[in-house]
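Coordinate analysis (summary)
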Amino acid sequence: MAKMFLEEFETWPKEIWSRYLGKIRDIKDDFLDRLNKATQICDTDFNVLSHGDLWINNLLYKSDDVTRIIDFQFVQFSSFAIDLHLLITTSLKMEVRESHLDSLIKVRT
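On to the pattern of salt bridges, then. Per the counting criterion, the structure on display carries three salt bridges. Across the pair Asp29 and Lys28 runs a salt bridge, and its minimum N-O distance is 3.2 Å. For Asp29, a relative accessible area of 71% corresponds to the exposed category. A salt bridge links Asp30 to Arg34; the shortest N-O distance between them is 3.2 Å. Look at Asp30 and you get partly exposed, because its relative accessible area is 30%. Note on Arg34: relative accessible area 46%, which makes it partly exposed.

As structure tokens, then:
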């Protein structure tokens, strides 16, 4: 699966995606192990009840301060990073991701 993804990824516009290509090449051999680990409960990590499919079409907006999450068919107890990653990569404009990614994923303690 990772090999097919890498082959596809290598056809994408280099001016946008080249900074990620090396990272994907580095993890292609243990991609499935990493994916499995990301979705497992770990006693030493911060686990949450993760939506599992958090993207713009699963958010309902009533007003500026009221948002509801719908469609809970993929709920799991795992890392919050799964929902954060899916929301950022599928629901934000490219300009927002490129300009604000660091602040979007920064963990504050």
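What follows covers the packing of helix H1 (residues 2-9) against helix H2 (residues 14-27). Packed helices, taken two at a time, are described by the angle their axes make and the gap between the axes. Where H1 contacts H2, the two axes come as close as 11 Å, and the packing angle between them is 160°. The pairing of H1 with H2 is recorded here as roughly antiparallel in orientation. The hand of the H1/H2 crossing is left-handed. Residue-level inspection shows Phe5, Leu6 and Phe9 of H1 in contact with H2, the latter providing Trp17, Tyr20, Leu21, Ile24 and Arg25. For the contact of H1 with H2, the per-class residue count stands at seven nonpolar, no polar and one charged.

With that settled, the discussion passes to the side chain of Ser91. Structurally, the position occupied by Ser91 is in helix H4 (residues 80-91). Side-chain polar atoms of Ser91 contact the backbone nitrogen of Ile56, separated by 2.7 Å. Within the structure, Ser91 has its side chain in polar contact with the side chain of Thr90 (distance 3.2 Å). Discounting chain neighbours no more than four positions away, the residues touching Ser91 are Trp55, Ile56 and Leu86.

A cluster of nonpolar side chains, contributed by Ile41, Leu49, Ile69, Phe72, Val75 and Phe77, occupies part of the molecular surface with about 600 Å² of accessible area. When you line up the elements, Val75 lands in the loop between strand E3 (66-69) and strand E4 (76-79). Given the relative accessible area of 35%, Val75 is considered partly exposed.

Quick notes on the rules
- Residues numbered from 1 in each chain as written.
- Predicted model: local features only at pLDDT ≥ 70, side-chain atom pairs only at ≥ 80, totals over all residues.
- Heavy atoms only, no water.
- Salt bridge = Lys/Arg side-chain N within 4 Å of Asp/Glu carboxyl O.
- Buried < 20%, exposed > 50% of the residue type's maximum accessible area, 1.4 Å probe, protein only.
- Axes fitted to C-alpha atoms, helices over the stretch in contact; angles between N-to-C directions.
- Helix = DSSP H or I, 4+ residues; strand = E, 2+ residues; numbered from the N terminus.
- Parallel < 35°, antiparallel > 145°, perpendicular 65-115°, else oblique.
- Left-handed = near helix turned anticlockwise from the far one by under 90°.
- Contact = heavy atoms within 4.5 Å.
- Nonpolar A, V, L, I, M, F, W, Y, C, P; charged D, E, K, R; others polar.
- Polar contact = N/O pair within 3.5 Å; in protein donor to acceptor, adjacent residues only side chain to side chain.
- Patch = residues over 30% accessible without salt bridge, like charges linked within 9 Å, V, L, I, M, F, W, Y side chains within 5 Å.
- Areas by Shrake-Rupley, 256 points an atom, 1.4 Å probe, with all protein chains shown as cover.

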